[in-house]
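Understanding the architecture of this molecule
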Amino acid sequence: MTQTHLWVRAEQRDNETRVGITPEGAASLLERGFEVTVEASDTRVIPTDAYAQVGCTIAPQFSWPDAPSDAIIFGLKELPADGHPLTHRHIMFGHAYKGQSAGRILLERFKAGGGTLYDLEYLTNDAGRRVAAFGYWAGFAGAAVAVKCWAAQARGEVAAPITPSANADELTHELRTALAPLDTDHLDALVIGALGRVGTGASDLCKRLDIPVTGWDMAETASGGPFPEILNHTLFFNCILAGPNTPVFVPKSALTAERRLRVVGDIACDPDSTFNPVPIYSEATSWEAPALRVHENPPLDVTAIDNLPSMLPLESSENYAAQLLPTLQGLGEDTAVWQRAKRLFNEHLLDI
């Protein structure tokens, strides 16, 4: 059997310090006969030396385009948008299957180079459930950013840039301190997707801060809308993976409607998707400018950051890596999870 070569690339995006495999996970792959190469990185939350100590080969950062043709390139966030054809097999979050404009460009690069995308968002077990997800920490961090946006509003400001926290307890303490001088009597939240990983994380953050939470899931949204109840909550969190049958939760008419709603945390963050259920904004927000003011008097801010778990990079990396490792261990055997992911890629490539 040909040795499977996993090449862990350094992330090339600002404010992205997560990694999808720990040194312990890499060691387990080495024990199974894998070759594991890890690019050097001075920003990755886990030091490069920790991978070297378990026997990984260390390559220069950003050298993956020159990796051997049989190497499988493993990263999390997007590749540089340089237009170069993609010849390797890549494991990453592609954001390419829901009508996103950047996704089509990515698929065109794979078609031009003959490579393959194994999209981490679509690695599923036999029951159709994702084998690994950052969802909990995305929800937790996304709710935290929304609370920061609301606190800034209450002070007559717009939210300041965000930075990573060492852990969830530190982030919670920071938020408690920010809320302490404010009137929070009417601060509450509605979470759609409350039974999923993302919704659970958002709800848990709110509960840590004693913010009352109303949880909705499929049963509460089965009618297809409209959902005026959303406007009666201060914070609204969209925590679902949108699809062609997803209803609109916050329509443009909400901007001028009578509402208590002050902050929308679009944790799912698909503003350029044709399925966007929060069509009051059209582009993601950023670490530098986390809040987009979409209306004044009364104010309404949207926060929609697409790498939220990097606010808690060590906790989210360790948790995700533990979920994903059993699937990575089956990579050389081309298990059903990987076969499904490749079929899905091939189906979408037909549209290019």
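Since the structure is predicted, the reported quantities are computational estimates derived from the model, not experimental observations.

**Regarding the overall build of the chain**
From N to C terminus, the chain includes nine helices and 12 strands. In summary, the chain has a C-alpha radius of gyration of 21 Å against a globular reference of 20 Å for 352 residues, a match within 12%. Summarising its shape, the C-alpha atoms of the chain cover approximately 65 × 40 × 35 Å along the three principal directions. Considering the chain as a whole, with its 352 residues, one finds that 53% of them fall into the buried category. The long-range fraction of contacts in the chain, counting pairs at least 24 apart against all pairs at least 6 apart in sequence, stands at 72%. Approximately 15300 Å² of the chain is accessible, and the part contributed by carbon and sulfur atoms is 52%.

**Some points on helix α1 (residues 23–31)**
Listed in full, the buried residues belonging to α1 are P23, G25, A26, A27, S28 and L29. The inward-facing, buried residues of α1 contact β1 (5–8), β2 (35–39), α2 (48–53) and α8 (313–329). Positive backbone phi, at 95°, marks G33, one or two positions downstream of α1.

**Regarding the packing of aromatic side chains**
Centre-to-centre distance and the angle between the planes together describe a pair of aromatic rings. Applying the stated criterion to the full structure yields 12 aromatic pairs. Arranged with centres 5.6 Å apart and planes meeting at 75°, the rings of F110 and F345 form a pair that is edge-to-face. Highlighted residues: F110 in helix α3 (residues 101–113) and F345 in helix α9 (residues 336–349), separated in sequence by 235 residues. Take F110: its relative accessible area is 0%, and that puts it in the buried class. For F345, a relative accessible area of 1% translates into the label buried. One aromatic cluster in this structure is built from W216, F227, F236 and F249. Here the basic side chain of R18 rests over the ring of F134, its NZ or CZ set 4.4 Å away from the ring centre.

**Digging into the environment of A71**
Looking at the secondary structure, you find A71 in the loop between β3 (57–59) and β4 (72–74). Put simply, A71 and W7 are 64 residues apart on the chain and 6.1 Å apart in space, counted from C-alpha to C-alpha. Look past the residues within four positions of A71 in its chain and what remains in contact with it is H5, W7, H88 and R89.

**So, the sheet that holds β4**
Taking strand neighbours across the sheet as the criterion, the six strands line up as β3-β2-β1-β4-β5-β6 in an open arrangement whose pairing is parallel. This sheet does not close on itself; its edge strands, each paired only once, are β3 and β6 (116–119). Adjacent strand axes in the sheet meet at a mean angle of 25° when their direction is disregarded. Pairing analysis gives four bridges linking strand β5 (residues 89–92) to β6, with the strands arranged parallel. Bridged to M92 within β6 is D119.

**Here's the deal with the state of the cysteines**
Between two cysteines, a covalent bond joining their sulfur atoms is known as a disulfide. Inspection of every chain in the model, using the stated rule, returns zero disulfides. Here C149 is not disulfide-linked; the sulfur of C269 is the nearest cysteine sulfur, at 13 Å. Its relative accessible area of 0% is what places C149 among the buried residues. Summary of cysteine pairing: C206 is not part of a disulfide, and the nearest cysteine sulfur, belonging to C239, is at 9.2 Å. Classification of C206 by relative accessible area gives buried; the value is 0%.

**So, the sheet that holds strand β11 (residues 292–295)**
For sheets, the rule is that strands pair by backbone hydrogen bonds, running either parallel or antiparallel. An order of β8-β7-β9-β10-β12-β11 is seen for the six strands of this open sheet, with the pairing classed as mixed. A single partner strand is all that each edge strand has here, and the edge strands are β8 (213–216) and β11. Taken over all neighbouring pairs, the strand axes of this sheet differ in orientation by 20° on average, direction set aside. In this structure, strand β9 (residues 235–238) lies alongside strand β10 (residues 263–266), joined through four bridges in parallel fashion. Considered in β10, the bridge of F236 is made with V264. Sheet contacts for helix α6 (residues 197–208): β7 (189–192), β8 and β9; angle to β7, the most-contacted strand, approximately 165°.

**Thoughts on unusual backbone geometry**
The residue after G225, namely P226, is reached through a cis peptide bond having omega 5°. Considering the arrangement of structural elements, one finds P226 in the loop between α7 (218–221) and β9. In this structure, P298 follows N297 across a cis peptide bond, with omega equal to -5°. Along the chain, P298 turns up in the loop between β11 and β12 (300–303). Positioned with a positive phi, F62 is a non-glycine residue whose angle comes to about 65°. Mapped onto the elements, F62 comes out in the loop between β3 and β4. On the basis of relative accessible area, F62 is assigned to the partly exposed category, the value being 37%. Although it is not a glycine, D334 sits at a positive phi angle of roughly 50°.

Rules used throughout
- Residues numbered from 1 in each chain as written.
- Predicted model: local features only at pLDDT ≥ 70, side-chain atom pairs only at ≥ 80, totals over all residues.
- Heavy atoms only, no water.
- Helix = DSSP H or I, 4+ residues; strand = E, 2+ residues; numbered from the N terminus.
- Rg over C-alpha atoms; globule rule 2.2 N^0.38 Å.
- Buried < 20%, exposed > 50% of the residue type's maximum accessible area, 1.4 Å probe, protein only.
- Contact = heavy atoms within 4.5 Å.
- Areas by Shrake-Rupley, 256 points an atom, 1.4 Å probe, with all protein chains shown as cover.
- Phe/Tyr/Trp six-rings, centres within 6.5 Å; stacked < 30°, edge-to-face > 60°.
- Lys NZ or Arg CZ within 6 Å of the ring centre and 35° of its normal.
- Pairing = 2+ DSSP bridges.
- Axes fitted to C-alpha atoms, helices over the stretch in contact; angles between N-to-C directions.
- Disulfide = S-S within 2.5 Å.

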